[in-house]
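# Structural features, examined
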Amino acid sequence: MEGYSGKPELGRRSIRAYQSAQIGEQELEAVLQAGLYAPCGMGSQEVVLVAVQDPEVRARLSAMNAAIMGTDSDPYYGAPTIVLVLASPERPTWVEDGSCALAVMMEAAHSLGLGSCWIHREREMFDSDEGKALLRAWGVPEGMRGVGALSLGYPAGEAPAAAPRKPGRVFRL
């Protein structure tokens, strides 16, 4: 395959500290496009992405997520951008489809020099009355459920070293 080095990308790590500077529009668009082109069951394209850069909306989401987690710390680690990933539970692969979008966006972010981290509890957030009201206010189609979110921004330091891989997880027949 042309352009393939024969080695998978091994440098991406979850980033949990971000610079306060907002990412650029072109960077955000590239990450979102990667998510829109992520694999999905039978090509359904039912995953919805909500890019949040407004500080007030971001603070509200952080407070909602933190309350579910039982803390008052920022679950998004100070990232200036949050990308919410929602999908239609009418699809049998809704969780997998949303998960693929998250994974692909993380790789895209890494390729652009951005940091990212997969964040949980969006299902609980957007299953709540408050979360459903937010989705309606934003014009998100009715019935969408949270799969996860991506914290996104410029890393505030070096990426952490990868933990050694556990052996015995690959079987060849």
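For the structure itself, consult the block above.
Description of the structure in this document.

Reading the values: the criteria
Each chain carries its own residue numbering, running from 1 in the written order of its sequence. In keeping with the model being predicted, local features are shown solely for residues with a pLDDT of at least 70 and side-chain atom pairs are shown and tallied solely at 80 or more, while totals for entire chains, interfaces and linings include all residues. No hydrogens and no water enter the side-chain calculation; it runs on all heavy atoms of the structure. The helix count covers DSSP runs of H or I at least four residues long, the strand count covers runs of E at least two residues long, and both are numbered beginning at the N terminus. Based on C-alpha atoms, the radius of gyration is set beside the globule rule, defined as 2.2 Å times the residue count to the power 0.38. For the exposure calls, accessible area comes from a 1.4 Å probe over protein chains only, and a residue counts as buried if that area is under 20% of its type's maximum, exposed if over 50%, partly exposed in between. We call two residues in contact when some of their heavy atoms are within 4.5 Å. Values of accessible area rely on a 1.4 Å probe in the Shrake-Rupley scheme; residue burial ignores everything except the protein chains shown. The salt bridge criterion pairs a side-chain nitrogen of Lys or Arg with a carboxyl oxygen of Asp or Glu, the two atoms within 4 Å.

Glancing now at the overall build of the protein. Along its length, the protein carries five helices and four strands. Its helices and strands taken in sequence order, the protein reads α-β-α-β-α-β-α-α-β from the N to the C terminus. In terms of overall dimensions, the protein is globule-like: its C-alpha atoms have a radius of gyration of 17 Å, near the 16 Å expected for 173 residues. Structurally, the protein occupies a C-alpha span of about 45 × 40 × 35 Å along its principal axes. The 173 residues of the protein split such that 38% are buried. Counting contacts in the protein only where the partners sit at least 6 residues apart, residues at least 24 apart contribute 83% of the total. When the accessible surface of the protein is split by element, carbon and sulfur atoms take 54% of a total near 10100 Å².

Let's shift gears to the pattern of salt bridges. Any two side chains of opposite charge can pair, on the condition that their charged atoms come close. One pass over the full model with this rule turns up four salt bridges. For Arg60, the salt bridge is made with Glu130, and the minimal N-O distance between the two is 3.1 Å. Here the residue Arg60 occupies a position in helix H2 (residues 55-69), and Glu130 occupies one in helix H5 (residues 129-138), the gap between them amounting to 70 residues.

What follows concerns the environment of Leu32. Structurally, Leu32 can be placed in helix H1 (residues 25-36). Leu32 gets classed as buried once you look at its relative accessible area, which sits at 15%. Considered as a pair, Leu32 and Met105 are 73 residues apart in the sequence and their alpha carbons are 6.9 Å apart. Those residues within four positions of Leu32 in sequence are excluded, and the remaining contacts are Leu49, Ala51, Val83 and Met105.

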